Amino acid sequence: MVGDVLQIAGLLVGGIGTIGTFAVTGMPQWRVSAFIENNIIVFETIWEGLWMHCIRQANIRMQCKVYDSVLALSPDLQASRGLMCAGSVLSSLAFLVAIMGLKCTRCMQSSWRDKGYIILTSGLLFILSGAVELIPVCWVAHTIISDFYNPMVNVAQKRELGEALYLGWAAAFCLLAAGAIFCCFCRCGERNRNYGYSTPTSYPMHSQHLHRKTESLYSKSQYV
């Protein structure tokens, strides 16, 4: 019963992390314009993402434009685009593998031991995808904070942390949590199997010995 709850919880948390990863990859709110010092044009907000940048005016009109070239991006955004795509693929693969490893699913007549290995593989993939997603999110956040406090950077070019970064941290945490849940489930299942295999070994031999002893006594009584 506990194992079923762990599997369902891990699948739900992993699904939330996977959906969040895809959302973060497509969101343009990685970098948001900062309103400091003389840059107090509050009716215009600039968003910079991995695929496009947007200008929102007075919460009414928004214009977005896709980047003309990858070279137009900064080095951190260039690397983040590839890493987030890799994280999306890994999280999707981990989610599909987790579905195949559930007890309620049947795939090519897999045994319970094979199911445990499938769940372990899914957990490792979730952990890997979470780590891959953390790298670009933390990298971009570090660049934004460094530029914000750098006096050599122009005020108009300074940015703040966007909503996509916070969502990326939450999605990465969900992926890591899902991986930990599946790995713990696999570990607990392995212990239960070892306990189940080791404990009943002495009883059949003992019962067989008693059966042979009663047969020998019965044969001697018949002989007398």
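Criteria and thresholds
- Residues numbered from 1 in each chain as written.
- Predicted model: local features only at pLDDT ≥ 70, side-chain atom pairs only at ≥ 80, totals over all residues.
- Heavy atoms only, no water.
- Helix = DSSP H or I, 4+ residues; strand = E, 2+ residues; numbered from the N terminus.
- Buried < 20%, exposed > 50% of the residue type's maximum accessible area, 1.4 Å probe, protein only.
- Contact = heavy atoms within 4.5 Å.
- Areas by Shrake-Rupley, 256 points an atom, 1.4 Å probe, with all protein chains shown as cover.
- UniProt positions renumbered as here; feature names shortened; annotations may be inferred.
- Pairing = 2+ DSSP bridges.
- Expected span 1.5 Å × (residues − 1).
- Disulfide = S-S within 2.5 Å.
- Salt bridge = Lys/Arg side-chain N within 4 Å of Asp/Glu carboxyl O.
- Axes fitted to C-alpha atoms, helices over the stretch in contact; angles between N-to-C directions.
- Phe/Tyr/Trp six-rings, centres within 6.5 Å; stacked < 30°, edge-to-face > 60°.
- Lys NZ or Arg CZ within 6 Å of the ring centre and 35° of its normal.

S.K.: Lay out the overall build of the protein with the relevant residues and their values.
M.R.: A tally of helices and strands in the protein yields five helices and five strands. The order of helices and strands in the protein, counted from the N terminus, is α-β-β-β-β-α-α-β-α-α. Scored against the burial criterion, the 224 residues of the protein give a buried share of 36%. Here the analysis covers contacts within the protein between residues at least 6 apart in sequence; of these, 67% occur between residues at least 24 apart. Looking at the protein as shown, the accessible area adds up to about 13900 Å², and 67% of this sits on carbon and sulfur atoms.

S.K.: Could you give me a rundown of the UniProt feature "transmembrane region" (unreviewed entry) in the protein, with the residues and numbers involved?
M.R.: Per the UniProt entry, the sites bearing "transmembrane region" (unreviewed entry) are residues 81-102, 123-145 and 165-185 in this numbering. Measuring from the first to the last C-alpha atom of residues 123-145 gives 33 Å, for a span that is 100% helix and 0% strand.

S.K.: Break down the pairing of strand β2 (residues 44-48) for me, citing the residues and quoting the values.
M.R.: One ladder, built from two bridges, connects strand β1 (residues 31-33) with β2; its direction is antiparallel. Bridging from a neighbouring strand, arginine 31 pairs with glutamate 48 of β2. Summarising the sheet, β2 and strand β3 (residues 52-57) pair through five bridges and their orientation is antiparallel. By the bridge assignment for β3, glutamate 48 is matched with histidine 53. The turn linking β2 back onto β3 is made up of three residues.

S.K.: Outline helix α2 (residues 75-101), supporting the account with residue identities and numerical values.
M.R.: Compared with an ideal rise of 1.5 Å per residue, which puts 27 residues at 39 Å, α2 spans 39 Å between its outermost C-alpha atoms and is within 8% of the ideal. By the burial criterion, the buried members of α2 are Asp76, Leu77, Ser80, Arg81, Met84, Gly87, Ser88, Ser91, Ala94, Val97, Ala98 and Gly101.

S.K.: Got a sec to walk through the state of the cysteines? Specific residues and values, please.
M.R.: A full pass over the atoms with the stated rule returns one disulfide. With a sulfur-sulfur separation of 2.0 Å, cysteine 54 is cross-linked through a disulfide to cysteine 64. Taking the sign of the S-S torsion, 110° for the link of cysteine 54 and cysteine 64, the bridge is right-handed. With a gap of 10 residues between them, cysteine 54 in strand β3 and cysteine 64 in strand β4 (residues 61-66) connect regions that are remote in the sequence. Here cysteine 64 falls in the partly exposed class, since its relative accessible area comes to 43%. With no disulfide of its own, cysteine 183 lies 7.0 Å from the sulfur of cysteine 184, the closest cysteine sulfur.

S.K.: Just give me the short version of the pattern of salt bridges, but keep the residues and values in it.
M.R.: Throughout the structure, instances matching the rule amount to four salt bridges. Note that arginine 31 is salt-bridged to glutamate 48, the shortest N-O span being 3.9 Å. Highlighted residues: arginine 31 in strand β1 and glutamate 48 in strand β2, separated in sequence by 17 residues. Judged by relative accessible area, which is 12%, arginine 31 ranks as buried. On the accessibility criterion, glutamate 48 (18% relative accessible area) is buried. For glutamate 48, the salt bridge goes to arginine 159, with nearest N and O atoms at 3.3 Å. A residue pair is termed long-range when its members are at least 10 positions apart, and glutamate 48 in strand β2 and arginine 159 in strand β5 (residues 159-161) qualify at 111 residues. For arginine 159, a relative accessible area of 14% gives the class buried. Through salt bridges with shared partners, a single ionic network connects Arg31, Glu48, Asp76 and Arg159.

S.K.: Before we move on, can you summarise the sheet that holds β2 with the specific residues and values?
M.R.: An order of β4-β3-β2-β1-β5 is seen for the five strands of this open sheet, with the pairing classed as antiparallel. The open sheet terminates on both sides in strands that have one partner only, identified here as β4 and β5. The average undirected angle you get between the axes of adjacent strands in this sheet is 25°.

S.K.: Report on the packing of aromatic side chains, specifying residues and quantitative values.
M.R.: The final tally for this structure, using the stated rule, is three aromatic pairs. Ring centres 5.9 Å apart and planes at 15° place the aromatic pair phenylalanine 126 and phenylalanine 182 in the stacked group. Of this pair, phenylalanine 126 sits in helix α3 (residues 112-148) while phenylalanine 182 sits in helix α4 (residues 163-198), and the two are 56 residues apart along the sequence. Considered together, phenylalanine 126 and phenylalanine 182 belong to a single accessibility category, that of buried residues. Geometrically, the ring pair formed by phenylalanine 148 and tyrosine 149 is edge-to-face, given 5.3 Å between the ring centres and 80° between the ring planes. Residue classification places phenylalanine 148 among the partly exposed residues on the basis of a relative accessible area of 23%. One residue, lysine 158, lies across the ring of phenylalanine 148, its end atom 6.0 Å from the ring centre.

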